[in-house]
Structure formats: structure tokens, C-alpha cells
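# Observations on the three-dimensional arrangement
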Amino acid sequence: MVSDPPEPVIPPPPDEHLALGGEAAAELRVQRSRFIGLCAPAHAHAAAQETIARLVAPYHDARHACWAWRLGAPPAVVENRNDDGEPSGTAGEPILAEIRKRDLTDAVVVVVRYFGGVKLGTGGLARAYGQAAAAALAAAPVRRVRQGREFTLNFPYGQQKTLTHLLTDCAGTVEDEQYAADVAWRVWLPHSRWPEFLSRVREATAGAVVPQPGD
């Protein structure tokens, strides 16, 4: 009897990741060729394509406009790259490698090349495209994006001290609070801690307080 292959194990999301936080540009000259690196943030495939078109537009007379992007939140990161007529693997892949090296997401990088009349060979091309991408990324801001889940809690005032302690102990924060006959909280917890928080709330309140997942 042939058993079914095991389901792939998907790693849990991290508590935070790095994303490109703004635009930057840098220029590199190699053997009379100009390599202009440009980077900008984007959050989805359509936005990435629009960003590429916008970044390339001022350089419409360039010989090549090669690009790569890396989008999404770990572990569901998607990537793409394009050599735009350069030998396969000499442009888009080195650009993408520089984004990966910094572990960035939501990042679009374009490198336009004005040919200077001297052929660089595949190794020289790969180095030049990678260096131009690296220079642009080095000049761009980076932001930390926290990842987790939101929950809503409703509880009597007498539980507030206990729940405040549990939330703080699990690295959570109160995002919104309302005070009426009871207390209503909207809280956020990092991915690595929210299961523990739910368990500890259930234990501390004997099941009387049940956090509800947010939208």
C-alpha cells in the first residue's frame, strides 16, 4: 500500500519583518556603461508593475531596464525578476539577490543601463547590476513591520488588573479600549505569543473571558 506524501510543513509567521520604507537611487559607471539603480516600495503585484513603469519612464532611451521585486509578508513572500534582453541570469537575478540579502519585502528594484560600447561579459554584467541594486537599497529607508493577531475582549472591571498583566507578559498591546458597564478591549499580540495569551486568559478567568479573533 502506497501512503500519501506528508503535507508540507508551513513555518509560522515571524513576529516582524523588514520592508522597504521609501525610494532611493544610485548610479554606477563600469567600462563607460552607466547603471542607474532605483528602488521603491510596493505592496502587491499590480502596484509593483505600476512602480516599475513609473521608475523606468524617465529613462526610456536606456538600452536595458532590468528589475526584480519581492512582495508580501513571511512566510508567504513572492518574487519575480526580468533580464530585459541581457543574457539570462545576469541582471534580474543579481538584483533580486540584493533584496534577499537584506531580507526585505515590499521592495521593487530597477536597474537601467546605458551601454558604453564595451562588453562586460556575463560575470561583469552580474556584478554591475548587483552593485547598482545594492547601492540604491543602501540609500533607502527600511521599516520594521510587526506581525500578529488582534482580539476583542469584554470583561468586568475586576478582571482588568489580571488581564493587563497577562497582556504585558505576552508582549501584547491595547489598540482600543471602551469603558461602560464592562470593559471592552481590542488587543494585538505577536504571532509567537497569542496562543499562550489565550490559554492563560482562559486559565486565569476560569473560562469567563473568551478573546474573540479580530477582522
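Keep in mind the model is a prediction, meaning the values are calculated, not measured.

Here the largest pocket defines a volume of roughly 160 Å³. As for the largest pocket, its lining consists of Arg63, His64, Gly85, Glu86, Pro87, Arg113, Phe115, Lys119, Leu120, Gly121, Thr122 and Leu125. Considering every element that reaches the lining of the largest pocket, the biggest residue donor is helix α3 (residues 121–139), with three residues. Its residues assigned to classes, the lining of the largest pocket shows four nonpolar, four polar and four charged.

Once that is clear, we can look at the packing of helix α2 (residues 92–101) against α3. Interhelical geometry of α2 versus α3 gives an angle of 35 degrees and a closest axis separation of 8 Å. As α2 runs across α3, the sense of the crossing is right-handed. On α3, the residues that touch Pro94, Ile95, Glu98 and Ile99 of α2 are Ala126, Tyr129, Gly130, Ala133, Ala134 and Leu137. Residue composition of the contact of α2 with α3, grouped by class: eight nonpolar, one polar and one charged.

What follows concerns the nonpolar core. Counting residues in hydrophobic clusters, the biggest one holds 23 residues, and the most contacted among them are Phe35, Cys39, Ile95, Ile99 and Tyr129. For this core, the secondary structure elements donating two or more residues are β3 (33–41), β4 (64–71), α2, β7 (107–114) and α3. For this core, the element with the most residues is α3, which contributes seven residues. Among residues more than four places away in sequence, those in contact with tyrosine 129 are Phe35, His64, Cys66, Glu86, Thr90, Ala91, Ile95, Val111 and Arg113. One finds Ala42, Ile52, Trp69 and Val108 within the second-largest nonpolar core, a separate group that totals 17 residues.

The next thing to look at is the sheet that holds strand β12 (residues 212–213). Spatially, β10-β11-β9-β12 is the arrangement adopted by the four strands of the open sheet, whose pairing is antiparallel. Of all the strands in the sheet, just β10 (173–179) and β12 have a single pairing partner and so form its edges. With eight bridges joining them, strand β9 (residues 148–155) and strand β11 (residues 183–190) adopt antiparallel strand pairing. For glycine 148, the partnering residue across the bridge sits in β11 and is proline 190.

Our focus in this paragraph is the sheet that holds β4. Spatial ordering of the open sheet is given by β2-β3-β7-β4-β5, a layout of five strands whose pairing is antiparallel. Unpaired on one side and paired on the other, β2 (24–30) and β5 (78–82) mark the two borders of the sheet. Looking at each pair of strands side by side, their axes are set apart by 15 degrees on average, direction ignored.

Cut-off values and rules
- Residues numbered from 1 in each chain as written.
- Predicted model: local features only at pLDDT ≥ 70, side-chain atom pairs only at ≥ 80, totals over all residues.
- Heavy atoms only, no water.
- 1 Å grid on protein atoms, 1.4 Å probe; cavity = no way out; pocket = protein on both sides within 12 Å on 5 of 7 lines; lining within 4 Å.
- Points joined across faces, edges and corners; volume = space filled by probe spheres on them.
- Helix = DSSP H or I, 4+ residues; strand = E, 2+ residues; numbered from the N terminus.
- Nonpolar A, V, L, I, M, F, W, Y, C, P; charged D, E, K, R; others polar.
- Axes fitted to C-alpha atoms, helices over the stretch in contact; angles between N-to-C directions.
- Left-handed = near helix turned anticlockwise from the far one by under 90°.
- Contact = heavy atoms within 4.5 Å.
- Core = buried A, V, L, I, M, F, W, Y, C linked by side-chain atoms within 4.5 Å.
- Buried < 20%, exposed > 50% of the residue type's maximum accessible area, 1.4 Å probe, protein only.
- Pairing = 2+ DSSP bridges.

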